[in-house]
Amino acid sequence: APPEWIIHWFHGLNMATVLFAMGGYGTYLGFQIRKGEGNAEAFGGEMVRELHPKLMFGMLFFFFLGGQGGLVFTLMEGRPLLGSPHAVSAFAGLALLGAQAVLGTTMKGTPAARTAHTYLGTGIMSLFAVHA
């Protein structure tokens, strides 16, 4: 079995890295797009409007994988699998990220959908900050 500190802290450290690095920069890029600067160059040379969805999909993907690790570590600690508010908010966050991805790929520049995407994304990032 891995050392106790890995079982207790590894999931949280990994997910915090994903949240703040990918999610933080991806959120910033989303607001840049909202301000009309989607054609500007982002970190790494891609356009802001190209990098934003890639980062946010990557965050969703790593959160999904990280959730599996969180479940495994919960079992290793002998705690109930889905009996914590953390597990409930994690599932809610993943479901909301999925809905946000659908909205983002189907909004096609519709102003109301873009506004909903902005507010929902801001709310999701707030949820994950509290969730952590």
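Everything in this summary refers to the structure shown in the same document. (Residues numbered from 1 in each chain as written. Predicted model: local features only at pLDDT ≥ 70, side-chain atom pairs only at ≥ 80, totals over all residues. Heavy atoms only, no water.)

## Structural notes on the overall build of the chain
Tallying secondary structure elements over the chain gives 4 helices and 0 strands in all. Secondary structure of the chain in N-to-C order comes out as α-α-α-α. Referenced to the eigenvectors of the C-alpha coordinate spread, the extents of the chain come out at roughly 50 × 30 × 20 Å. Here the chain holds 132 residues, and 29% of them are scored as buried. Here the analysis covers contacts within the chain between residues at least 6 apart in sequence; of these, 63% occur between residues at least 24 apart. Here the chain has roughly 8100 Å² of accessible surface; of this, 72% comes from carbon and sulfur atoms. (Helix = DSSP H or I, 4+ residues; strand = E, 2+ residues; numbered from the N terminus. Buried < 20%, exposed > 50% of the residue type's maximum accessible area, 1.4 Å probe, protein only. Contact = heavy atoms within 4.5 Å. Areas by Shrake-Rupley, 256 points an atom, 1.4 Å probe, with all protein chains shown as cover.)

## Section: the side chain of H117
By the secondary structure assignment, H117 is in helix α4 (residues 111-131). Ignoring sequence-local partners within four residues, the contact set of H117 consists of H52, Q100, L103, G104 and M107.

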